[in-house]
Amino acid sequence: MFGIDDTGRFTFATDEFAALLDRTPDDLVGTPAAAVVAPEDRETLAAARAAVGDASDRVTRTCHVTLPQSDLPGPATIELATAGDGGVVGSLCRAAEASDPFRYLFDLIQDAAVGFEIVNYVPIVRTVNPSFVETFGYDRETIVGEPLNDYIVPGDRVEEAVNYDQRTAAGDINYAVVSRKTADGCREFIYRGVPYDTADGRRCGFAMYTDVTDSRRQKRRLRVLHRVLRHNLRNELSVVFGMSEYVRANAAESAVSLAASRALDAADRLAAVSEKARNVETALDGDTSQSVDAAAISRSVADCYPDAAVETALPETLPVTGGTAVYDAVDNLVENALEHTPDGTTVRIVAERADQDAFVRVLDDGPGIPAVERAVVFDDEDITNLQHGSGLGIWLARWVAEAAGGGIEYERTDGWTTVSLRLPVSDADDVLTLADAIGTEPTRR
């Protein structure tokens, strides 16, 4: 609680109220009450004080003001009551049980967060959390009461920010990747803006900023490097193929011809890796939210290996989430099982449903995946130059499953190796047909 005289200065303050402002009661006595509220709220407080202080009978008024020196997550509700001789007694109305958990979350969340009020379509800062101060470099006293965009929006993004503000003013939620000025220069953030209305009809909101600069830059760099590398590989391998074939055809000595044949074999393997990388990129670019029939896809994959006689044990249908990439995932697991096991190895595709998950399992009675390679794909061990023998097939299967919200599992029991795709069961009415899922009926050389 606190008291204000007819000149608008504090006459007393309780320890709790003074501590909220990081002051002592003695510090506040004689200080203008307007000095502890945001500049734009000073008239609001003065009008409420005048209405109560000038009343002949006991009158109360409630007003909402921001206290920049406090750690409140938003505007505070203050109730003023007539005290006589033009003075008023005020109290801060807040339910500690309701506000403290939010304040704890707001202050400790690692993302930069700001509370604001929309005034004439402009977001005016009412509070910020410590992460905002650290990220953007403005302390509370500097930015509270100021237009948010003036401090953090780059000059070339003002129009974009205004569009988001208009959506907030209309009560719409914003979710986007944006560029903002920070203490370390422009950075990229996932921005989430959530509007809400106060009891007195003001439109306010919270904005949270998750820094994704490093991950997005790394993704762009890898994409460029991948495309350049693949393009150069394709062009240079064409030269290697042509020259090696010429040397082999025209070599006078058998040793030279043999060397050319080995060069061609190595180039062929490298070309296969490049093609596999292209297939991975294509598969992962698809919509993993679409529903497909994992049973039909598994049967189609088995039919592509007539010489290997891939066995199946499948339900009639098994709708799953994962999109067209599910075909590539199953196909690569079967291909991996056949290529990395001796001739005559039995390979099976088994599928089943367990609660809300579906499992597509590829089994073989070969020697199993070496432990050093298995640890990388299935146990998230660090990748080293020694761990590369299985190629990209199992990695593709893992990425497809994870993109769909599932995962990949490995088991070695009784001489059988089992790699399982775990995919969410789909209850969607619209399930892609087999032809839609794989483009055309697949054929294999």
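Cut-offs used in this document
- For every chain, the first residue of the written sequence is number 1, and numbering continues from 1 along that sequence.
- In keeping with the model being predicted, local features are shown solely for residues with a pLDDT of at least 70 and side-chain atom pairs are shown and tallied solely at 80 or more, while totals for entire chains, interfaces and linings include all residues.
- Side-chain figures throughout are based on the complete set of non-hydrogen atoms in the structure, without hydrogens or water.
- A pair of strands is considered paired only if DSSP assigns at least 2 bridges between the two.
- By the criteria applied, helices consist of DSSP H or I runs no shorter than four residues and strands consist of E runs no shorter than two, each listed in order from the N terminus.
- In this scheme, patches are assembled from residues that exceed 30% relative accessible area and form no salt bridge. Like charges are connected within 9 Å, while nonpolar side chains (Val, Leu, Ile, Met, Phe, Trp, Tyr) are connected within 5 Å.
- Method for areas: the Shrake-Rupley scheme with a 1.4 Å probe, in which residue coverage is limited to the protein chains shown.
- Salt bridge, as applied in this entry: a Lys or Arg side-chain nitrogen positioned within 4 Å of an Asp or Glu carboxyl oxygen.
- Partly exposed residues are those whose accessible area sits between 20% and 50% of the maximum for their type, while under 20% is buried and over 50% is exposed, using a 1.4 Å probe and protein chains only.
- Every residue pair with non-hydrogen atoms within 4.5 Å of one another is taken to be in contact.
- Any pair of Phe, Tyr and Trp rings, taking the six-membered ring for Trp, is counted once the centres come within 6.5 Å. Such a pair is stacked with planes under 30 degrees apart, edge-to-face with planes over 60 apart, and tilted for the rest.
- A fitted line through C-alpha atoms represents every axis, and for helices the fit uses only the stretch in contact; the resulting angles, taken between N-to-C directions, go from 0 to 180 degrees.
- Small angles under 35 degrees read as roughly parallel and large ones over 145 as roughly antiparallel, with 65 to 115 read as roughly perpendicular and the rest as oblique.
- Should the near helix be turned counterclockwise from the far one by less than a right angle, the crossing is left-handed, whereas a clockwise turn marks it as right-handed.

Enquirer: Is there a simple way to think about the pairing of strand β2 (residues 10-13) in this case?
Expert: The side chains of a regular strand alternate between both faces of the sheet. Pairing of strand β1 (residues 2-4) with β2 involves three bridges; the strand directions are antiparallel. The partner of I4 across the bridge, within β2, is F10. Between β1 and β2, which pair antiparallel in sequence order, lie five residues; one of them, G8, sits at a positive phi of approximately 85°.

Enquirer: Please explain a nonpolar patch on the surface as it appears in this structure.
Expert: Together, Y246, V247 and V256 make up an exposed nonpolar region whose accessible area comes to about 270 Å². In this structure, V247 sits in helix α9 (residues 213-250). V247 gets classed as partly exposed once you look at its relative accessible area, which sits at 35%.

Enquirer: Explanation requested: helix α13 (residues 371-379) in the structure shown.
Expert: One turn of the α-helix equals 3.6 residues, which is why residues spaced by three or four share an orientation. The complete set of buried residues in α13 reads E373, A375, V376, V377 and F378. Considering only its buried residues, α13 is in contact with α14 (393-403), β16 (407-413) and β17 (416-424).

Enquirer: What's the story with the packing of aromatic side chains in this structure? I'm lost.
Expert: In this description, a pair of aromatic rings is defined by centroid distance and the angle of the planes. Using the criterion set out here, one finds 13 aromatic pairs in the structure. With a centroid separation of 5.7 Å and an interplanar angle of 75°, the aromatic rings of F136 and Y209 are classed as edge-to-face. Separated by 73 residues along the polypeptide, F136 in helix α5 (residues 130-136) and Y209 in strand β10 (residues 203-211) bring together distant segments of the chain. Grouping residues by exposure puts F136 and Y209 together as buried. By the ring-pair criterion, three or more aromatic residues cluster together here, those being F132, F136, Y164, F189, Y191 and Y209.

Enquirer: Would you mind showing me how to read the pattern of salt bridges here?
Expert: If the charged atoms of two oppositely charged side chains come close together, the side chains can form a pair. Scanning the entire structure with this criterion turns up 14 salt bridges. The partner of R180 in a salt bridge is E160, and the shortest N-O contact between them spans 3.7 Å. In this pair, R180 is assigned in strand β8 (residues 174-182) and E160 in helix α8 (residues 158-169), connecting sequence segments 20 residues apart. For R180, a relative accessible area of 3% puts it in the buried group. Owing to a relative accessible area of 23%, E160 belongs among the partly exposed residues under this scheme.

Enquirer: Mind showing me how you'd approach the packing of α13 against α14 here?
Expert: To describe two helices that pack against each other, one gives the angle between their axes and the distance between the axes. Contact geometry of α13 with α14 gives a least axis separation of 10 Å together with a crossing angle of 15°. Between α13 and α14, the angle is such that the two are roughly parallel. Both α13 and α14 take part in a crossing whose hand is right-handed. Here V376, V377 and F378 of α13 come into contact with α14, specifically with I394, W395 and R398.

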